[in-house]
Amino acid sequence: MERPERWAAAAGIVAIGAGVAGGELVAGFLSPSLTPMTAVGGAIIDAVPPAVKDWAIAVFGTGDKLALLTGMMVIIAALAAVAGAVERRRRFAGVWLIGIFGVVGFLAVLSRAQFSEQALAGPLVAAVLGIVLLRRLIQQLRDWEAAERISRQPARRRFLQGLAWGGALAAGGGALGAILSGAVVGVNDVRRKLILPRPRSAAPPIPTGAEMAVDGVGPLVTPNADFYRIDTALRVPALDADAWTLKVTGMVEREVQLDFAELLAKPLIERHVTISCVSNEVGGDLIGNALWLGWPVRELLLMAGVKSGADMVLSRSADGWTAGTPLEALTDTRDSILAVGMNGEALPLEHGFPVRMIVPGLYGYVSATKWLTELKVTRFADDVGYWTPRGWSERGPIKMSSRIDVPATDRVVKAGATTFAGVAWAQHTGISKVELRVNRGEWQEAQLAPGISRDTWYQWQLPLEFTPGQYEVQVRATDLDGDVQVEERRPVAPDGATGYHTVRVVVTS
Ligand SMILES: Nc1nc2c(c(=O)[nH]1)N[C@H]1C(S)=C(S)[C@@H](COP(=O)(O)O)O[C@H]1N2
Ligand SMILES: [Mo]
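Summarised in this report is the structure supplied together with it. Predicted model, so just to flag it, every value in this text is computed and none were measured. (Residues numbered from 1 in each chain as written. Chains lettered and ligands numbered in written order. Predicted model: local features only at pLDDT ≥ 70, side-chain atom pairs only at ≥ 80, totals over all residues. Heavy atoms only, no water.)

### Regarding the site of ligand 1
So, step 1. Around ligand 1, the structure places 18 residues, and the nearest of them are Tyr 228, Thr 232, His 351, Arg 356 and Lys 370.
So, step 2. Contact between ligand 1 and Ile 230: an oxygen atom at 3.0 Å from a main-chain N or O atom of the residue.
So, step 3. For ligand 1, the protein covers 99% of the area, taking 530 Å² as the surface of the free molecule. (Near = heavy atom within 4 Å. Polar contact = N/O pair within 3.5 Å; in protein donor to acceptor, adjacent residues only side chain to side chain. Areas by Shrake-Rupley, 256 points an atom, 1.4 Å probe, with all protein chains shown as cover.)

### Here's the deal with unusual backbone geometry
So, step 1. Going from Val 406 to Pro 407, the amide bond is cis rather than trans, its omega being 0 degrees.
So, step 2. With phi around 55 degrees, Asn 343 is a residue other than glycine that occupies positive phi space.
So, step 3. Looking at the element boundaries, Asn 343 is found in the loop between β7 (337–342) and β8 (345–346). (Helix = DSSP H or I, 4+ residues; strand = E, 2+ residues; numbered from the N terminus.)

### Examining the side chain of Arg 411
So, step 1. Inspection of the secondary structure puts Arg 411 in the loop between β11 (401–406) and β12 (412–414).
So, step 2. For Arg 411, which is buried and forms no salt bridge, the nearest opposite charge comes from Asp 405, at a distance of 6.5 Å.
So, step 3. Those residues in contact with Arg 411 that lie beyond four places of it in its chain are Ile 404, Asp 405, His 501, Val 503, Arg 504, Val 505 and Val 506. (Buried < 20%, exposed > 50% of the residue type's maximum accessible area, 1.4 Å probe, protein only. Lys, Arg positive; Asp, Glu negative; His and termini not counted. Salt bridge = Lys/Arg side-chain N within 4 Å of Asp/Glu carboxyl O. Contact = heavy atoms within 4.5 Å.)

### Here we look at the pairing of strand β17 (residues 458–466)
So, step 1. Burial within β17 is extensive, with seven of its nine residues counted as buried.
So, step 2. Bridging between strand β13 (residues 416–425) and β17 involves nine bridges; their strand directions are antiparallel. Note on β17: the bridge partner recorded for Gly 422 is Trp 460.
So, step 3. Inspection of the sheet shows strand β16 (residues 447–448) paired to β17 by two bridges, in the antiparallel sense. Each bridged residue has a counterpart across the sheet, and for Gln 447 the counterpart in β17 is Gln 461. (Pairing = 2+ DSSP bridges.)

### As for the sheet that holds β17
So, step 1. Here we have four strands laid out as an open sheet, ordered β11-β13-β17-β16, and antiparallel in their pairing. Whereas interior strands pair on both sides, the edge strands pair on one side only; in this sheet they are β11 and β16.

### Considering the packing of helix α4 (residues 64–89) against helix α5 (residues 93–111)
So, step 1. Two numbers describe how α4 lies on α5: the axes approach to 6 Å, and their chain directions differ by 150 degrees. Of the possible angle classes, the one that applies to α4 and α5 is roughly antiparallel. Here α4 contributes Ile 76, Leu 79, Val 82, Ala 83, Val 86 and Glu 87 to the contact with α5, which in turn contributes Ala 93, Gly 94, Val 95, Leu 97 and Phe 101.
So, step 2. Taken together, the residues of the contact of α4 with α5 sort by class into nine nonpolar, one polar and one charged. (Axes fitted to C-alpha atoms, helices over the stretch in contact; angles between N-to-C directions. Parallel < 35°, antiparallel > 145°, perpendicular 65-115°, else oblique. Nonpolar A, V, L, I, M, F, W, Y, C, P; charged D, E, K, R; others polar.)

Structure (structure tokens):
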């Protein structure tokens, strides 16, 4: 036999591949929201330094989670090859390695917020299956090697058959596990059938002219399918709305617990609110505007009775993620809501089904908790949200900004008149003016569309005349308090980017 160590490595990959697939599959049935792979991946996400995470988002964008899972699989495959090779040389040497895998998976599952005893079955099955298969395949390989000198055929065939069966198990189990992919299918079914109540207080109508008829300017209200998605969840939590509860704990007169039916029975309001991610670069698209249906957070806090001294509400999601929101942003007159609906339907799973929080004027990382399960009334001095110890500031008011959407992408236009258009936002203050300047010349005021409310973005447009050449065009906004957008360029960390969106336009004859 040529290069038996290669066959041993292949045996290792197949054995551990089948083990991992089996573990995922079992977890898919017993604890869909916590499988060995998502547990380890989640632990990695929580542990990596902010710089690594920024790099990953910069390189992979919203495909960062897929990149992480792929990277994990490559590393597991490499270690599995080693396990096969060492097992061939020394009985149980590879088994030890798989044992370590199992322990890592076990600890990862134990450390997660979604932990349940059933979830431990995943890594257990993965390790046992991996070990049994590895032992068997390596034994068959040894038999083949020993038989080489006598009659090679039967032993060789047995090993190759074992390898093929193991490979099929890995592929089949993996595919099925992916299909099960949590109870996502079932929950989605429930979600689709849900009939949301009509709001007691409907959203103010969208003023005529708020949506400009300029080709290439995004819709004023972002469709759910196009809405940006940012979270740390490797697998979208699939919560059973019937079993869902929201607890109010901490510095309150009385703890309150609310279930989904009780929440739907409250007098709901519906409001357009533009939410944005602190990681949104100047000119970026991690921002969206939707019509949210829900109950004011203020009312729930009133039921619980906030004790004096509290200044923060730590909201927690089913997967353990947390956000620290200034208490006043939830109790003042703004429309902070426990949202159940998004653009006329139940919240999509990836946007927080069944309930999330929406707070006008604050970045998502300090306010927009999806898959919400708890509100803990506390103090900034006593508690921190998920991102604060990871390089992001404790408070996250959204910074005023503006964006040029048209002319789009390569920004090549014909000489003559060209319409520039885009959006501007200063949530909860509102926009009063948008201006453009060409090659750092005089600021020229754009036509500003009426906003839906101070909590949403505004569209703007301005026709400009050009002769052939290259131009730099910049945009800036002014809010309703008269403050002008900050010109100094600053990165997204720790509390949101500043600077003017600057585009280069090529004008052809
Ligand atoms: N449970 C949970 N909620 C979360 C997050 C998260 O990681 N987990 N990320 C927050 C961040 S950083 C942002 S910007 C918004 C994004 O909401 P969206 O995905 O619906 O656009 O959700 C917030 N809510
Ligand atoms: Mo974010």
